[in-house]
Amino acid sequence: MIILAIIFLATCVLWLYWAAKARHMDQMTASLPALPTLPLIGNGSLFLGDTQQILKNLWTLADLAFKHKNSAKLWLGPKLYVAIGDPEDAQVVLENCLDKDVVYRFLRPWLGHGLFVAPVNLWKAHRKVLLPVFHNKIVEEYLGVIAEQADVLVERLNERVDAKQFDVLKYITACTLDIVFETAMGERMDVQHSPDTPYLRARHTVMEILNMRLFKVWLQPDCIFNLTPYAKQQRDNIDLTHKFTDEVVQKKRLEYERKKGDLKGQNDGKLRAVLDLLFGREIEFTDEQLREHIDSITIAGNDTTALVIAYTLVLLGIHQDAQERVLQEQESIFGSSTRGSTKEDLQQMHYLERVIKESMRLYTVVPIIARNIDRDIYLPTCGVTVPAGAGAVIGAFAIHQSAAWGPKPEVFDPDRFLPERSQNRHPAAFLPFSYGSRNCIGRNFGMLIMKSIISTVVRSYKIEADEIGPLKVEMLLFPINGHQIKISRRTLLK
Ligand code: HEM
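Residues numbered from 1 in each chain as written. Predicted model: local features only at pLDDT ≥ 70, side-chain atom pairs only at ≥ 80, totals over all residues.

Per an unreviewed UniProt entry, the protein carries the name Cytochrome and comes from Spodoptera littoralis. Annotation of the protein in UniProt includes, under Function (unreviewed entry), the sentence "May be involved in the metabolism of insect hormones and in the breakdown of synthetic insecticides." UniProt's Cofactor (unreviewed entry) comment on the protein is quoted here verbatim: "heme". (UniProt positions renumbered as here; feature names shortened; annotations may be inferred.)

### Considerations on unusual backbone geometry
Of note in this structure, Leu40 is not a glycine but carries a positive phi near 70°. One can find Leu40 in the loop between helix 1 (2–28) and helix 2 (51–67). A count of 9 C-beta atoms within 10 Å places Leu40 in the exposed class. A positive phi angle, close to 55°, is found at Lys69, a residue other than glycine. (Helix = DSSP H or I, 4+ residues; strand = E, 2+ residues; numbered from the N terminus. Buried ≥ 20, exposed ≤ 12 C-beta atoms within 10 Å, placed from the backbone.)

### A few points about the pairing of strand 11 (residues 484–489)
Of the pairings in the sheet, the one linking strand 3 (residues 166–167) to strand 11 comprises two bridges and is antiparallel in character. Considered in strand 11, the bridge of Phe166 is made with Ile485. Sheet topology note: the strand 8 (residues 461–464)/strand 11 ladder contains four bridges and is antiparallel. Bridge assignment links Glu464 to a residue of strand 11, and that residue is Lys486. (Pairing = 2+ DSSP bridges.)

### Quick notes on the pairing of strand 7 (residues 391–395)
Counting buried positions along strand 7 gives five out of five residues, so the element sits mostly inside the fold. Neither face of strand 7 is exposed, since Gly391, Val393 and Gly395 on one face and Ala392 and Ile394 on the opposite face are all buried. As paired strands, strand 2 (residues 79–84) and strand 7 are joined by four bridges and run parallel to one another. Note on strand 7: the bridge partner recorded for Ile84 is Ile394. In terms of strand pairing, strand 4 (residues 368–372) meets strand 7 through five bridges, oriented antiparallel. Following the sheet pairing, Ala370 is matched in strand 7 by Val393.

### Examining the sheet that holds strand 3
The strand order 3-11-8 describes an open sheet built from three strands, whose pairing is antiparallel. At either end of the open sheet lies a strand with only one pairing partner, and these are strand 3 and strand 8.

### A look at helix 16 (residues 350–362)
Taking 1.5 Å of rise per residue, the 13 residues of helix 16 would be expected to cover 18 Å, and the 19 Å separating its terminal C-alpha atoms lies within 8% of that figure. Within helix 16 the residues assigned to the buried category are Leu352, Arg354, Val355, Ile356, Glu358, Ser359, Met360 and Arg361. On its buried face, helix 16 is in contact with helix 13 (287–318), helix 14 (320–334) and helix 19 (443–460). (Expected span 1.5 Å × (residues − 1). Contact = placed C-beta atoms within 7 Å.)

### Some details on the nonpolar core
Of all hydrophobic cores here, the largest spans 125 residues; its most connected members are Ala310 and Leu313. It is helix 13 that contributes the most residues to this core, 15 residues altogether. Excluding residues that lie within four positions of it along the chain, Leu313 makes contacts with Val168, Ile454, Val457, Ile463, His483 and Ile485. (Core = buried A, V, L, I, M, F, W, Y, C linked by C-beta atoms within 7 Å.)

### Details of the site of the ligand
For the ligand, the set of nearby residues contains 23 residues, the closest of which are Ala300, Gly301, Cys440, Gly442 and Gly446. For the shell around the ligand, the secondary structure elements donating two or more residues are helix 13 and helix 19. Top element by residues in the shell around the ligand is helix 13. It accounts for seven residues. Residues of the shell around the ligand, tallied by class, amount to 14 nonpolar, seven polar and two charged. (Near = placed C-beta within 6 Å. Nonpolar A, V, L, I, M, F, W, Y, C, P; charged D, E, K, R; others polar.)

### As for the UniProt feature "signal peptide" (unreviewed entry) in the protein
According to UniProt, the positions carrying the feature "signal peptide" (unreviewed entry) are residues 1–22. End-to-end, the C-alpha atoms of residues 1–22 are 31 Å apart, and along that stretch the chain is 95% helix and 0% strand.

### What about the sheet that holds strand 7?
An order of 1-2-7-4 is seen for the four strands of this open sheet, with the pairing classed as mixed. This sheet does not close on itself; its edge strands, each paired only once, are strand 1 (71–76) and strand 4. Within the sheet, the average angular offset between the axes of one strand and its neighbour, ignoring direction, is 25°. On top of the sheet, helix 2 reaches strand 1, strand 2 and strand 7; it is set at about 140° to strand 1, its chief contact. (Axes fitted to C-alpha atoms, helices over the stretch in contact; angles between N-to-C directions.)

### Some remarks on the environment of Gln234
Inspection of the secondary structure assignment puts Gln234 in helix 11 (residues 229–259). Given 22 C-beta atoms within a 10 Å radius, Gln234 is considered buried. A sequence separation of 125 residues divides Gln234 from Pro109, and the C-alpha atoms of the two residues are 9.2 Å apart. Among residues more than four places away in sequence, those in contact with Gln234 are Val206 and Ile209.

### Digging into the packing of helix 14 against helix 16
For the pair helix 14 and helix 16, the least separation of the axes is 8 Å and the interaxial angle reads 145°. The segment helix 14 lies against helix 16, with Ala322, Arg325, Val326 and Glu329 engaging Tyr351, Leu352 and Val355. Class assignment for the residues of the contact of helix 14 with helix 16 results in five nonpolar, no polar and two charged.

### Describing the environment of Glu344
Of note, Glu344 is situated in helix 15 (residues 343–347). For Glu344, a count of 8 C-beta atoms within 10 Å puts it in the exposed group.

### Some remarks on the packing of helix 16 against helix 19
It is at 10 Å that the axes of helix 16 and helix 19 come closest, and there the two elements cross at 110°. With respect to helix 19, the axis of helix 16 lies roughly perpendicular. As for the relative orientation of helix 16 and helix 19, their crossing is right-handed in sense. Residue-level contacts link Leu352, Glu353 and Ile356 of helix 16 to Met450, Lys451, Ile454 and Ser455 of helix 19. Residues that form the contact of helix 16 with helix 19 fall into these classes: four nonpolar, one polar and two charged. (Parallel < 35°, antiparallel > 145°, perpendicular 65-115°, else oblique. Left-handed = near helix turned anticlockwise from the far one by under 90°.)

### Details of the environment of Phe116
Along the chain, Phe116 falls in the loop between helix 4 (108–111) and helix 5 (120–130). Residue classification places Phe116 among the buried positions, given that 22 C-beta atoms sit within 10 Å. Through-space distance from the C-alpha of Phe116 to that of Phe397 is 20 Å; in sequence the pair is 281 residues apart. Beyond its immediate chain neighbours, meaning those up to four positions away, Phe116 contacts Leu107, Leu111, Ser296 and Ala300.

So this is what it looks like as structure tokens:
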């Protein structure tokens, strides 16, 4: 009886404490607009329904924000979030709050303390070590791998020439997987020719479960999730992917130990994969840490890059004038050659770069970035101090369509990115790779891959497409009907 009374009292005290804190947070952010809330779940209903509906709900929130200094607030259960659609306020959050929001915790069983989800203290030390590995000079060494895989892609696409429309994403994803695996781990996977392996199936299953959990709020508490069959399925498949990367790490460690001493500071002519470069650094990573970093890199770097390439190809298929300009630029660099791109070639692809940027603006594949507010922080545009303990949801997709882009942000216009049209734009108005010191570490590498692949495909095929159509949001942004294009063979000018 006494125990029951103590539990009851403790619950009341906790509830009163939480209620007082929530009231205080609500008052501090009183000037922000909000959608109507329901008891207990707050605005949780925004995340109910299918992934197309969820995207529509997010747009409703963005529209509300746009009417009131570009920010709004929402309660997800007991937690307050500030949704930000303004470049200036996004910049303040992304420069000052480096801790990821709790929602990323679902990735922890898979990626551990890998860079993507690492807690701030660990992240700071590890990012410093990883940064030089993604330096331009290093990633440019990967251009040979990219060119080789781009050729395989062109050969595989041959089966679709002059046929009806098809979803190009499957082909592109296999190609980027081959590139990212070989350059991150130094292992050739040949996914383009053998797409069905136990490792890839396991990886796909884990992604599906994570996506589902992200948007089915009732599966989010561990105590409920662990009662479902998905928990075991997730565990088994994560174990399988870990085993795969562990084996590669062990093999590479043996190679490193063997070569240590005789090859100090020298390059033996073999490709230096990211993993090879992580041995013998200022921090001696354990095998587990290496696996966590490599898994984070292959997961963060693959689908994102593949999606941007696929969106860009569809956009070029819709906008024939832009495709023609891309082609002219390619012909001025390559003539009629179908060789792979060198660093110098890529530097001359100014128009293609603008097209890719415009594609990332209109179809922001990482549409939302969520951070934990770990101390009170003042947002200058909306004029509100967001209290510590809240979360910030940066709506990159909304910022990319905000007033910062002028009167018709929905129009495809790559020349928006011309230097003379960009100079007065806020630096955080364009954040497909996030912003600040915790931005995408692979952004330059991603740009190299995207430019090289699109260059090779456009020189080989003429692309036609009708539309991108309705979208849905999972961890990334997808078109519901896939990336549908038609291709026909092209002969370049002599
Ligand atoms: C078009 C391609 C890409 C896009 C749009 C993209 C986008 C992003 C974004 C938005 C973030 C921040 C996510 C967040 O804070 O929630 C991020 C982080 C990250 N990305 Fe990328 N990315 C791309 C390519 C790559 C590539 C090619 C790699 C590596 C091979 C990579 C590796 C990473 C890693 C490791 C992080 C975590 C960085 C950290 O927390 O320090 N990404 N990326």
